[in-house]
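Chains, contacts and geometry: an overview
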Amino acid sequence: MVAIAATARWRARIVAAAASAGITLTDPLAGVPGIRVLACTPGDLGVIVPRLGGGPSRAAIGAHSDSIADRELRDAVADVAALLSLHGNVVLDLDAGGRRRAATRPDVVVSAGVDRPQWTEPAVTLPVGTDRRGGPLTVALTAGPGFEETLLELARLVEADAAQPVCRGWS
């Protein structure tokens, strides 16, 4: 399941795009004030994003690294940051440089996903694998104002990469 938290304006655009694509979205936290979460199945972002209009724009992307205590989550965030970098994005380490770096807020932030999202800005939580116990590993992408389409385009890249088969070697 892919969870998308969005402002009312973006929620309406996402719902309209999903409806025109024949995708059913659920809203498990509809009764919680201030939180709007839309959930869809993996693969749906590839259909929804092109219907939102506009092309991808370059954004300043920041990623947390050392501040994530869980090694598997830290590695998952680093993998997503590396993937976004391979697609031509500049990714800044938000944990490097101390307070000087903290003063510069990127347009999109890559961080560890959480079980109960409490977003105040548009965000997407994506499954990116499983941990050593078989539990899901999720990574969150959060966008600043005006970067909602970029957020969804980046999420589509991550989702498409996660769907690729892993090469296990030569037979």
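What you see is a predicted model; the values in this text were computed from it and never measured.

**Some remarks on the overall build of the protein**
What the protein contains, in helices and strands, is five helices and seven strands. Counting helices and strands in the order they occur from the N terminus, the protein gives β-α-β-α-β-α-β-α-β-β-β-α. Counting over 171 residues, the protein shows a buried share of 41%. Sequence-distant contacts in the protein: of pairs separated by 6 or more residues, those separated by 24 or more amount to 71%. Total accessible area computed for the protein in this model is approximately 9,600 Å², and 55% of it derives from carbon and sulfur atoms.

**Structural notes on the packing of helix α3 (residues 71-86) against helix α5 (residues 148-163)**
Interhelical geometry of α3 versus α5 gives an angle of 110° and a closest axis separation of 10 Å. Judged by the inter-axis angle, α3 sits roughly perpendicular to α5. Each of V80, L83 and L84 in α3 lies in contact with α5, whose residues at this interface are L154, L157, V158 and D161. By residue class, the composition of the contact of α3 with α5 is six nonpolar, no polar and one charged.

**Side note on the side chain of D131**
Relative to the helices and strands, D131 resides in the loop between β6 (123-130) and β7 (136-143). D131 gets classed as buried once you look at its relative accessible area, which sits at 14%. Here G135 takes part through its backbone nitrogen, which lies 2.7 Å from a polar atom of the side chain of D131. The contact partners of D131, leaving out residues within four places of it in the chain, are E72 and L137.

**With respect to the nonpolar core**
I4 and V110 are the most contacted members of the largest nonpolar core, which has 37 residues in total. Considering each element in turn, this core owes the most residues, seven residues, to α3. Excluding residues that lie within four positions of it along the chain, V110 makes contacts with I61, G62, A63, H64, V77, V80, L84, V139, A140 and L141.

Conventions adopted
Residues numbered from 1 in each chain as written. Predicted model: local features only at pLDDT ≥ 70, side-chain atom pairs only at ≥ 80, totals over all residues. Heavy atoms only, no water. Helix = DSSP H or I, 4+ residues; strand = E, 2+ residues; numbered from the N terminus. Buried < 20%, exposed > 50% of the residue type's maximum accessible area, 1.4 Å probe, protein only. Contact = heavy atoms within 4.5 Å. Areas by Shrake-Rupley, 256 points an atom, 1.4 Å probe, with all protein chains shown as cover. Axes fitted to C-alpha atoms, helices over the stretch in contact; angles between N-to-C directions. Parallel < 35°, antiparallel > 145°, perpendicular 65-115°, else oblique. Nonpolar A, V, L, I, M, F, W, Y, C, P; charged D, E, K, R; others polar. Polar contact = N/O pair within 3.5 Å; in protein donor to acceptor, adjacent residues only side chain to side chain. Core = buried A, V, L, I, M, F, W, Y, C linked by side-chain atoms within 4.5 Å.

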